[in-house]
Amino acid sequence: MAGAAGPGAGPAAAGGDGDDSLYPIAVLIDELRNEDVQPPLESLATVEETVVRDKAVESLRQISQEHTPIALEAHFVPLVKRLASGDWFTSRTSACGLFSVCYPRASNAVKAEIRQHFRSLCSDDTPMVRRAAASKLGEFAKVLELASVKSEIVPLFTNLASDEQDSVRLLAVEACVSIAQLLSQDDLEALVMPTLRQAAEDKSWRVRYMVADKFSELQKAVGPKITLNDLIPAFQNLLKDCEAEVRAAAAHKVKELCENLPIEGRETTIMNQILPYIKELVSDTNQHVKSALASVIMGLSTILGKENTIEHLLPLFLAQLKDECPEVRLNIISNLDCVNEVIGIRQLSQSLLPAIVELAEDAKWRVRLAIIEYMPLLASQLGVEFFDEKLNSLCMAWLVDHVYAIREAATNNLMKLVQKFGTEWAQNTIVPKVLVMANDPNYLHRMTTLFCINALSETCGQEITTKQMLPIVLKMAGDQVANVRFNVAKSLQKIGPILDTNALQGEVKPVLQKLGQDEDMDVKYFAQEAISVVAQRLRKLDFPVKDSEVPRAPGAEKNHFLRPRVPGEDTGKGPTYRLHVNTRDTLVQLEIAELVHFSQSRD
Amino acid sequence: METKLPPASTPTSPSSPGLSPVPPPDKVDGFSRRSLRRARPRRSHSSSQFRYQSNQQELTPLPLLKDVPASELHELLSRKLAQCGVMFDFLDCVADLKGKEVKRAALNELVECVGSTRGVLIEPVYPDIIRMISVNIFRTLPPSENPEFDPEEDEPNLEPSWPHLQLVYEFFLRFLESPDFQPSVAKRYVDQKFVLMLLELFDSEDPREREYLKTILHRVYGKFLGLRAYIRKQCNHIFLRFIYELEHFNGVAELLEILGSIINGFALPLKTEHKQFLVRVLIPLHSVKSLSVFHAQLAYCVVQFLEKDATLTEHVIRGLLKYWPKTCTQKEVMFLGEMEEILDVIEPSQFVKIQEPLFKQVARCVSSPHFQVAERALYFWNNEYILSLIEDNCHTVLPAVFGTLYQVSKEHWNQTIVSLIYNVLKTFMEMNGKLFDELTASYKLEKQQEQQKAQERQELWQGLEELRLRRLQGAQGARETPLQRLTPQVATSGGQS
């Protein structure tokens, strides 16, 4: 046992293993919720492993609520005191989390003792305990009487905020938020602000980062007056900090800070005191900083209004749209809707375009995927003409992307575009291009045609589907690649509801029946499934169909094993025999998983 | 920095935003596409040093130290030290080249002077020296470029100001090592706070810096007796934080190396404080993910302890067994290596106490499907001392490992392992033929019993299956009760198993 040699061996007996395997026990004991479990929890609160200790403390906190005030003082407070004066740092760190739950219901004499214990832990010898105390300082302050907060908590806060270790100092910043909420403006100015000012200029970037990260909370806690006098200058410094981490954290808060400024005079404050610094960040040397800024900067336009946006923000947006880092451009484009509300997207169109084109061809498929998702919005903002001229070709190019996820997104995108621009537009611009791909030598592209038809048929309506799409689908039933053939069967099943009975009976059914006799097992399977769906529809339409003609496809062959056929991520230029190869494409796997599940559920 | 943005006076013409570096986007391809494809540019290294630079004064070269008469030497030395306290921006490699060169030359001269000239280190220069060193080396380390920095895989982030920093460290080292150095004077300036900041620097990603720090801290520990306990305590804090809070500290190996030599010098009997350090810090350090980076130093420290006080052996071995890696084979090999180092120095009286749990673990390692683990465990039998220990205690050790070895020798996929096990079994046979035969016999008997049990179990299941079938038939056909006839049969076969 680890604790045997140390002086801490006494209470550690039950939990001396110092092992996270004890974690479940701590959880279990928590569920028992009984005074009897206090002793084992006390032991668990002294082990080294942090997760165990934290859980034990959490459980003890819950137990404390169940005690009557008398029992609390009789049983619980002594436990906290024992922990607080433990030899090994672990018990003292645990104690830090327990003061605030027993304080409110304790008698005055005990309260004084508790405060005394907390005070001594705040100046503990080991930084681990000081960190624990600092992280609980805010919580403890909230349950104290205001007089004690001023006379005791504030000095502790000041001390911790100037600790020799930056890991302690940064936790004091967190406590600052809670403490500031408790004090009046005058007290704040006198008691807290000197320390906070010092923290914002701490020599350790971690502390400054913390200030930047907690800026909105601090702003709310100290109120508008101090914000204007103190926080704004501090924020300016953080925005031009020498560490990129700090600048990025501050940049993230720009919008929230501006939003929370008092409405009166907000515009002036932003224009004079914040904007000049933002302008510099746009050309920062660090991409994370620029990217953080780009994710919030568009939000300023609603705060500043149309004229200021056009005059001051637009140049910044444009500059960021041309940034060399794709993330920055993407963040701008992702938030276009904010600007759109204020000035309309047209203002940006000239610069948007190159940015979009470049992102559309980015080497990372996630970037391409993200930009595809903004296409419908862009299309509706920019209008048909502009779209046809500049963006249409991009949308078509995505259909033959070598990543399946992009091809899939491009297909959905087409559907959304048709919903926006109407069927006539679809018939003239989209459908012909999609149908041409049916003759592509690459089977993946041929399949994309089918996927597009699946997506578009409903929006395009019966006429276009029957006259233009159906012939192509039917023709593809003779494709030499099995994957295409069974996708034909799936497509026919999908577009069936849109077709009229003549087409179904006269054209679709014969083809499906032929596919139902296919030599490939999977083609057969999907064809039979489609036949049953089509037959059902025909029956609904009151068309006479003999039951014997309709084999109950999926469940019929009991031992049918569905071999997953996957449209792979390879470009499909290889010979067809490679097609049965599994790929790592998650989306495809998902699809397979669904299919397999589906077939099993029918069994 | 001056922004490159235009004065916001062209609001309505986004087509001509006037940003000089980018060509007007009148064409879709009006920009270089290559810029996008290239790998993410390395972030410029940041160093928090430069921040505290206030007014940058021009540095002018001072006369050489060797050129002035002895009476003016110390005055010049002070001025040089002050000059070396001026900091430069190394992120901008062309900024203030002249100043950098002046400082470099001055530092070089100081290094030279403190190392070779006697009588330079008089009391008044100590504060100047420590101030110069503090200004240069103490800084908040910049954030790591790579938040998941892996010391084994990734390139470390090198300190940009190294050209000066190295000279400062060199100077510091020579200062400490100078025959004129007086700890009694220096201890006024090299205090606890100083040491704490020095320890924080061990987190530097730059291995060159850590190397200097290691030597320097070692000297400080040697020369400042009053700081020893404090240094040990702060090291403890660093380690504990590393184990339980952060799992990130770059200088663990270096600190352990220093501690290794410190442990070496511990007086006997060991103080409780030191034993506690072993049990509560060094042993849990084995559980850290990045163990491989500092394992050699850690194992050295552990073995040092055991050489000092053999009674700690049981604690250590049981501790290691507790933290024995369950899934990481790489760590498992390291543990085995450390265990062999420990066994090399173990006293037979201690060996007896832990032999059984230890060799059960060794047997588990031998049966590991990872051949490196199995191989490393089997190498124990190449060690003559361990072999002699096994021989002396073969009545305990052999039964603990025999079953596993015998089974693995039949089943392991790797031929090398199989032949190694054969050798081990052969040594067992030679060691104690009678015991070996007994173990073989009992092993075979055990196997037979197991097989029999398995067979009985299978028969039982078969019986149950038949029962089910008959019941089904019975339900369909006549209302017989085949159940009753079968039940006793099932009960007996169940009783046997």
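Owing to the predicted nature of the structure, the values given are computational and were not obtained by experimental measurement. (Residues numbered from 1 in each chain as written. Chains lettered and ligands numbered in written order. Predicted model: local features only at pLDDT ≥ 70, side-chain atom pairs only at ≥ 80, totals over all residues. Heavy atoms only, no water.)

What chain A contains, in helices and strands, is 32 helices and zero strands. The buried share among the 603 residues of chain A stands at 58%. Summarising the internal contacts of chain A: among those between residues at least 6 apart in sequence, 69% fall at separations of at least 24. Just so you have it, chain A exposes about 24,900 Å², and 50% of that area is on carbon and sulfur atoms. (Helix = DSSP H or I, 4+ residues; strand = E, 2+ residues; numbered from the N terminus. Buried < 20%, exposed > 50% of the residue type's maximum accessible area, 1.4 Å probe, protein only. Contact = heavy atoms within 4.5 Å. Areas by Shrake-Rupley, 256 points an atom, 1.4 Å probe, with all protein chains shown as cover.)

On a plain count of helices and strands, chain B comes out with 21 helices and zero strands. Evaluated residue by residue, chain B yields a buried proportion of 48% over its 497 residues. For chain B, the proportion of contacts with a sequence separation of at least 24, taken over those separated by at least 6, is 74%. Within the structure as shown, chain B displays about 25,500 Å² of accessible surface, and the carbon and sulfur contribution to it stands at 52%.

Moving on, we get to the side chain of Ser178(A). Residue and element names in this part refer to chain A. By secondary structure assignment, the location of Ser-178 is in helix α10 (residues 166-182). On the basis of relative accessibility, which here comes to 12%, the residue Ser-178 falls in the buried class. Beyond its immediate chain neighbours, meaning those up to four positions away, Ser-178 contacts Gly-138 and Lys-142.

For the rest of this paragraph, the subject is helix α4 (residues 125-137) of chain B. All names here are of chain B. Its 13 residues place the ends of α4 18 Å apart at the C-alpha level, agreeing with the 18 Å of an ideal helix rising 1.5 Å per residue. Within the span of α4, buried status applies to Val-125, Tyr-126, Asp-128, Ile-129, Ile-130, Met-132, Ile-133, Ser-134, Asn-136 and Ile-137. Contacts made by the buried residues of α4 are with α2 (70-84), α3 (97-116), α5 (162-177), α6 (183-186) and α7 (192-200). (Expected span 1.5 Å × (residues − 1).)

Quick look at the environment of Phe140(A) now. Residues and elements named next belong to chain A. Looking at the secondary structure, you find Phe-140 in helix α8 (residues 127-143). Along the backbone, Phe-140 and Arg-115 are 25 residues apart, and their C-alpha atoms lie at a distance of 9.4 Å. Those residues in contact with Phe-140 that lie beyond four places of it in its chain are Phe-99, Ser-100, Tyr-103, Ile-114, Arg-115, Phe-118 and Ile-153.

A word on unusual backbone geometry. With an omega of -10 degrees, the peptide bond running from Leu268(B) to Pro269(B) counts as cis. By the secondary structure assignment, Pro269(B) is in the loop between α10 (252-264) and α11 (272-285).

Another point: the packing of aromatic side chains. In the structure shown here, the tally under the stated rule is 34 aromatic pairs over all chains. Judged by centre distance (6.2 Å) and plane angle (40 degrees), the ring pair of Trp162(B) and Tyr169(B) falls under tilted. Accessibility classification places Trp162(B) together with Tyr169(B) in one group, the buried group. Both rings, one in Phe175(B) and one in Phe181(B), keep their centres 5.0 Å apart while their planes meet at 80 degrees; by these two values the pair is edge-to-face. An identical accessibility class is assigned to Phe175(B) and Phe181(B); each is buried. Among the aromatic residues, those joined into a cluster by ring pairs are Tyr126(B), Phe171(B), Phe175(B), Phe181(B) and Phe224(B). The positively charged end of Lys490(A) is found above the aromatic ring belonging to Phe526(A), 5.0 Å away from the centroid. In this structure, Arg280(B) is placed above the aromatic ring of Trp88(A), and the distance from its NZ or CZ to the ring centre is 4.3 Å. (Phe/Tyr/Trp six-rings, centres within 6.5 Å; stacked < 30°, edge-to-face > 60°. Lys NZ or Arg CZ within 6 Å of the ring centre and 35° of its normal.)

This paragraph deals with the packing of helix α22 (residues 365-382) of chain A against helix α24 (residues 404-421) of chain A. Residue and element names in this part refer to chain A. Running from N to C, α22 and α24 point in directions that differ by 5 degrees, and their axes come no closer than 9 Å. The angle between the axes of α22 and α24 places the two elements in the roughly parallel class. Facing α22, whose interface residues are Trp-365, Arg-368, Leu-369, Ile-372, Met-375, Pro-376, Ala-379 and Ser-380, α24 presents Ala-405, Ile-406, Ala-409, Ala-410, Asn-413, Lys-416, Leu-417, Lys-420 and Phe-421. In the contact of α22 with α24, the residues fall into 12 nonpolar, two polar and three charged. (Axes fitted to C-alpha atoms, helices over the stretch in contact; angles between N-to-C directions. Parallel < 35°, antiparallel > 145°, perpendicular 65-115°, else oblique. Nonpolar A, V, L, I, M, F, W, Y, C, P; charged D, E, K, R; others polar.)

Another aspect to go through is the pattern of salt bridges. Inspection of the entire model under this criterion finds 48 salt bridges over all chains. Two residues, Glu450(B) and Lys447(B), come together in a salt bridge whose shortest N-O distance is 3.9 Å. Of the two residues, Glu450(B) and Lys447(B) both sit in helix α20 (residues 433-476), three residues apart, roughly one turn of that helix. The class for Lys447(B) is partly exposed, based on a relative accessible area of 29%. Put simply, Arg115(A), Arg119(A) and Glu152(A) are held in one network by salt bridges that share partners. (Salt bridge = Lys/Arg side-chain N within 4 Å of Asp/Glu carboxyl O.)

It is worth spelling out the confidence of the model for chain B at this point. Predicted coordinates in regions of low pLDDT should not be interpreted in detail. Residue and element names in this part refer to chain B. Across chain B, pLDDT averages 81, with 82% of residues at or above 70. Here residues 1-55 scores under 50 on pLDDT; set against residues more than four positions off or in separate chains, the count is 95 contacts. Low confidence marks residues 480-497, where pLDDT is under 50. Its contacts with residues over four positions away, or in another chain, come to 13 contacts. Of the two predicted TM-score estimates for the complex, the pTM is 0.70 and the ipTM is 0.71. (pLDDT = per-residue confidence, 0-100.)

The next point concerns the environment of Asp87(A). All names here are of chain A. With respect to the helices and strands, Asp-87 occurs in the loop between α4 (69-84) and α5 (89-96). Its relative accessible area of 56% is what places Asp-87 among the exposed residues. C-alpha separation for the pair Asp-87 and Thr-46, spaced 41 residues apart in sequence, amounts to 9.9 Å.

To continue, consider helix α17 (residues 384-392) of chain B. All names here are of chain B. Among the residues making up α17, those that are buried are Ile-386, Leu-387, Leu-389 and Ile-390. Down the axis of α17, the sector holding all buried residues measures 160 degrees, keeping them to one side. Along α17, exposed side chains directed more than 90 degrees from the buried face belong to Glu-384 and Asp-392. Buried residues along α17 sit against α14 (329-345), α15 (348-366), α18 (394-411) and α19 (415-431). At the N-terminal boundary of α17, the capping side chain belongs to Asn-383, with an oxygen 3.0 Å from the backbone nitrogen of Tyr-385. (Arc of directions from axis to C-beta. Polar contact = N/O pair within 3.5 Å; in protein donor to acceptor, adjacent residues only side chain to side chain.)

Here we take up the packing of helix α9 (residues 228-246) of chain B against α10(B). Residues and elements named next belong to chain B. Running from amino to carboxyl end, α9 crosses α10 at an angle of 140 degrees, the nearest separation of the two axes being 11 Å. With respect to α10, the element α9 is oriented oblique. In this structure, α9 crosses over α10, and the sense of that crossing is left-handed. Between α9, through Arg-232, Cys-235, Ile-238, Phe-239 and Phe-242, and α10, the contact on the second element is made entirely by Val-252, Leu-255, Leu-256, Leu-259 and Ile-262. Broken down by class, the residue content of the contact of α9 with α10 amounts to nine nonpolar, no polar and one charged. (Left-handed = near helix turned anticlockwise from the far one by under 90°.)

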